[in-house]
Amino acid sequence: MEYINPSDVTRSDDITILDVRNVDEIKQSGMVEGAINIPLSLLPLKINEVDVNKPVYVYCAAGGRASNAAIILEEQGYTVYNTGGFIDWYHCGHNIVDI
């Protein structure tokens, strides 16, 4: 698993941005525009909702759960990058949306 700073992520339809925080966390702070949300606890059950043919940029609140999610995804053949925490995306100027 490789770490990549969100400032180095170029948004396109050819990538997946995965938020593994719980829904309550997202309701409080929003999420990166275009990201999909699958809480880490549900990722093994919903992994088929993540396109294996696209690189996955995963984040959580601070980076710990993103690291665990990256391991799960890599074990299933995904190309995955840990981008740390939500606040990193926010500070890099990525659009944030409310749910």
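For the structure, check the block above.
What counts as what
- Residues numbered from 1 in each chain as written.
- Predicted model: local features only at pLDDT ≥ 70, side-chain atom pairs only at ≥ 80, totals over all residues.
- Heavy atoms only, no water.
- Helix = DSSP H or I, 4+ residues; strand = E, 2+ residues; numbered from the N terminus.
- Rg over C-alpha atoms; globule rule 2.2 N^0.38 Å.
- Buried < 20%, exposed > 50% of the residue type's maximum accessible area, 1.4 Å probe, protein only.
- Contact = heavy atoms within 4.5 Å.
- Areas by Shrake-Rupley, 256 points an atom, 1.4 Å probe, with all protein chains shown as cover.
- Lys, Arg positive; Asp, Glu negative; His and termini not counted.
- Charge placed at Lys NZ, Arg CZ, Asp CG, Glu CD.
- Expected span 1.5 Å × (residues − 1).
- Arc of directions from axis to C-beta.

(A) Focus on the overall build of the protein. The secondary structure content of the protein amounts to four helices and seven strands. When the elements of the protein are put in sequence order from the N terminus, they spell out β-β-α-β-β-α-β-α-β-α-β. Expected size for 99 residues packed as a compact globule is a radius of gyration near 13 Å; at 12 Å, the protein falls within 12% of this value. Dimensions of the protein, computed from C-alpha atoms along their principal axes, come out at roughly 30 × 25 × 25 Å. Taking all 99 residues of the protein together, the buried fraction comes to 41%. Partitioning the contacts of the protein with sequence separation of at least 6, the portion at a separation of at least 24 is 68%. Carbon and sulfur atoms make up 45% of the accessible area of the protein, which amounts to about 5400 Å² in all. Looking at charge distribution, the protein has the averaged site of its 6 positive side-chain charges lying 7 Å from that of its 14 negative ones.

(B) Molecular detail of helix H3 (residues 64-75). In this model H3 runs 17 Å from its N-terminal to its C-terminal C-alpha over twelve residues, within 8% of the 16 Å that 1.5 Å per residue would give. Looking only at H3, the buried set comprises Ala 66, Ala 69, Ala 70 and Leu 73. Down the axis of H3, the buried side of the element spans an arc of 105°, and every buried residue falls inside it. Where H3 is buried, its residues meet strand S2 (16-19), helix H2 (43-46), strand S5 (56-60) and strand S6 (80-85).

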